[in-house]
Amino acid sequence: MEPAGHSDSYDPNLMERLLFKVAKKWVAGHSADEAIAAAKDANAKGMAAILNFLGEETSKQDEVESIVDEYLSVIERIGAEKIRGCVSVKPTQLGLAIDYEMCLANYRRLAARASELGQFMWIDMESVKFTEDTIAIYLELFKRHKMIGVAMQSYLRRSASDLLHVLENGGMVRLVKGAYHEPEEHAFQTRDEVDANYSKLMKMLHESANFFAVATHDSKLIDEAISFSNGSQFEFQLLMGIRDELKRDLVEKGFSVSEYIPYGAQWLPYSVRRLRERKRNLLLLARSLVQD
Ligand SMILES: Cc1cc2nc3c(=O)[nH]c(=O)nc-3n(C[C@H](O)[C@H](O)[C@H](O)COP(=O)(O)OP(=O)(O)OC[C@H]3O[C@@H](n4cnc5c(N)ncnc54)[C@H](O)[C@@H]3O)c2cc1C
């Protein structure tokens with residue numbers, strides 16, 4: 001995108017700065033300090049915090065190592081600063097796109113330290129080419145560390161059978177709709193189908209899970225989660241910067257709520273997914289471009 005009439009003075013950094021103006025409502029900032037401050041803010045509002053260091057599809061081993069170090073240091077800070085919270089980690093950040101065994105070994109390091117400090121750890125779910133391996137890694141970790149959960153996407157046709165498999169093993173799931181573009185062969189394509197599958201999977205969780213997370217901003221599904229609940233142990237999870245009044249309302253009603261707080265320099269792919277989810281966000285972006 002080039003501003004009209006200024007092709008020779010096009011400044012990609014300016015474009016990135018303008019995009020960041022919009023994106024910063026969804027991300028805590030570039031540094032761990034900003035993420036920790038946002039986590040304390042969530043705690044003060046009655047929510048737990050789930051911290052995610054942004055980045056995905058890491059292809060270099062030295063980058064993977066520095067991501068592992070970053071998460072280890074955030075896990076330490078959550079403990080030292082008495083934050084009610086945990087981390088959520090994408091498999092391709094820990095090397096799944098490079099080597100399965102390396103990724104598993106990296107998760108083991110994080111899981112070991114998190115569990116020593118009494119912290120939960122979540123595994124995010126990425127695009128469908130990583131689903132099989134992500135579930136295998138999760139179940140492998142879960143044999144040893146019980147405070148770990150994995151995200152599962154209701155837009156995937158395979159998710160009901162994956163969920164059964166995880167539940168048979170006593171595992172813990174964060175239910176989401178799914179944020180990637182997937183082909184019809186793998187994913188439901190209409191909103192109605194994705195929502196209907198969400199309801200179906202949520203019912204399975206209510207009936208069989210020890211603990212699970214309902215991660216959506218969709219009021220209809222949140223109401224459904226409340227009305228299905230029959231003593232089942234679950235929490236709501238919502239993203240930073242989205243539906244803050246709903247978060248407040250759920251906390252006031254006594255529900256457990258966690259806020260997912262991403263941070264780091266790699267904010268662009270995450271922010272593009274948030275932009276795509278809602279037409280109004282594109283208007284927000286357009287307005288901020290015009291205003292500058
Ligand atoms: C805690 C958490 C963790 C997640 N982890 C993963 C994961 O591991 N893997 C994965 O694929 N996906 C993950 N997601 C993203 C998820 O898959 C969806 O892409 C995202 O939550 C939007 O879907 P929705 O359930 O909110 O429903 P939608 O039908 O998209 O939205 C319902 C309503 O919520 C509001 N809303 C939704 N999105 C936005 C937005 N961007 N800006 C403003 N308002 C909005 C609107 O009012 C909208 O009408 C996660 C989501 C949450 C909340």
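Placed above this text is the structure.
Worth saying up front: this structure is predicted, and the values here are computed from it rather than measured. (Residues numbered from 1 in each chain as written. Predicted model: local features only at pLDDT ≥ 70, side-chain atom pairs only at ≥ 80, totals over all residues.)

### Section: the overall build of the chain
Then comes step 1: The secondary structure content of the chain amounts to eleven helices and eight strands.
Then comes step 2: Against the 2.2 N^0.38 benchmark of 19 Å for 292 residues, the chain shows a C-alpha radius of gyration of 19 Å, consistent with a compact globule.
Then comes step 3: Oriented by its inertia axes, the alpha-carbon framework of the chain measures out at about 60 × 45 × 40 Å.
Then comes step 4: Counting across all 292 residues of the chain, residues that qualify as buried make up 38%.
Then comes step 5: Expressed as a percentage of contacts within the chain between residues at least 6 apart in sequence, the contacts between residues at least 24 apart total 68%. (Helix = DSSP H or I, 4+ residues; strand = E, 2+ residues; numbered from the N terminus. Rg over C-alpha atoms; globule rule 2.2 N^0.38 Å. Buried ≥ 20, exposed ≤ 12 C-beta atoms within 10 Å, placed from the backbone. Contact = placed C-beta atoms within 7 Å.)

### What to know about the pairing of strand 6 (residues 212–215)
Then comes step 1: Neither face of strand 6 is left uncovered, since the one carrying Phe212 and Val214 and the one carrying Ala213 and Ala215 both have all their residues buried.
Then comes step 2: Note that strand 5 (residues 172–176) and strand 6 share three bridges and pair parallel. Pairing of Val173 across the sheet is with Phe212, part of strand 6.
Then comes step 3: A crossover links strand 5 with its parallel partner strand 6, the connecting element being helix 7 (residues 191–208), and its sense is right-handed. (Pairing = 2+ DSSP bridges. Right-handed = clockwise from strand over helix to strand, strands pointing away.)

### Notes on the packing of helix 3 (residues 61–80) against helix 4 (residues 100–116)
Then comes step 1: Where helix 3 contacts helix 4, the axes come no closer than 10 Å and their chain directions differ by 10°. As summarised for this structure, helix 3 and helix 4 are arranged roughly parallel, according to the angle between their axes. In contact with Val64, Val68, Tyr71, Leu72 and Ile75 of helix 3, helix 4 contributes Asn106, Arg109, Leu110, Arg113 and Ala114.
Then comes step 2: Looking at side-chain class alone, the contact of helix 3 with helix 4 contains seven nonpolar, one polar and two charged residues. (Axes fitted to C-alpha atoms, helices over the stretch in contact; angles between N-to-C directions. Parallel < 35°, antiparallel > 145°, perpendicular 65-115°, else oblique. Nonpolar A, V, L, I, M, F, W, Y, C, P; charged D, E, K, R; others polar.)

### Overview of the site of the ligand
Then comes step 1: Taken together, 23 residues lie near the ligand, and Asp124, Ala151, Ala179, Thr216 and His217 sit nearest.
Then comes step 2: At the level of secondary structure, the elements contributing two or more residues to the shell around the ligand comprise strand 4 (148–153) and strand 7 (234–239).
Then comes step 3: In terms of residues, the shell around the ligand owes the most to one element, strand 7, which gives three residues.
Then comes step 4: Each of two domains, domain 1 (7–18 + 268–292) and domain 2 (28–266), supplies a minimum of three residues to the shell around the ligand. (Near = placed C-beta within 6 Å. Domains from an automatic or database assignment.)

### Observations concerning the environment of Phe211
Then comes step 1: Relative to the helices and strands, Phe211 resides in the loop between helix 7 and strand 6.
Then comes step 2: Classification of Phe211 by C-beta neighbours within 10 Å gives partly exposed; the count is 16.
Then comes step 3: Considering only alpha carbons, one finds Phe211 and Glu235, 24 residues apart in sequence, at a separation of 8.1 Å.
Then comes step 4: Once you skip the residues sitting within four places of it in the chain, Phe211 turns out to touch Met172, Gln233 and Phe234.

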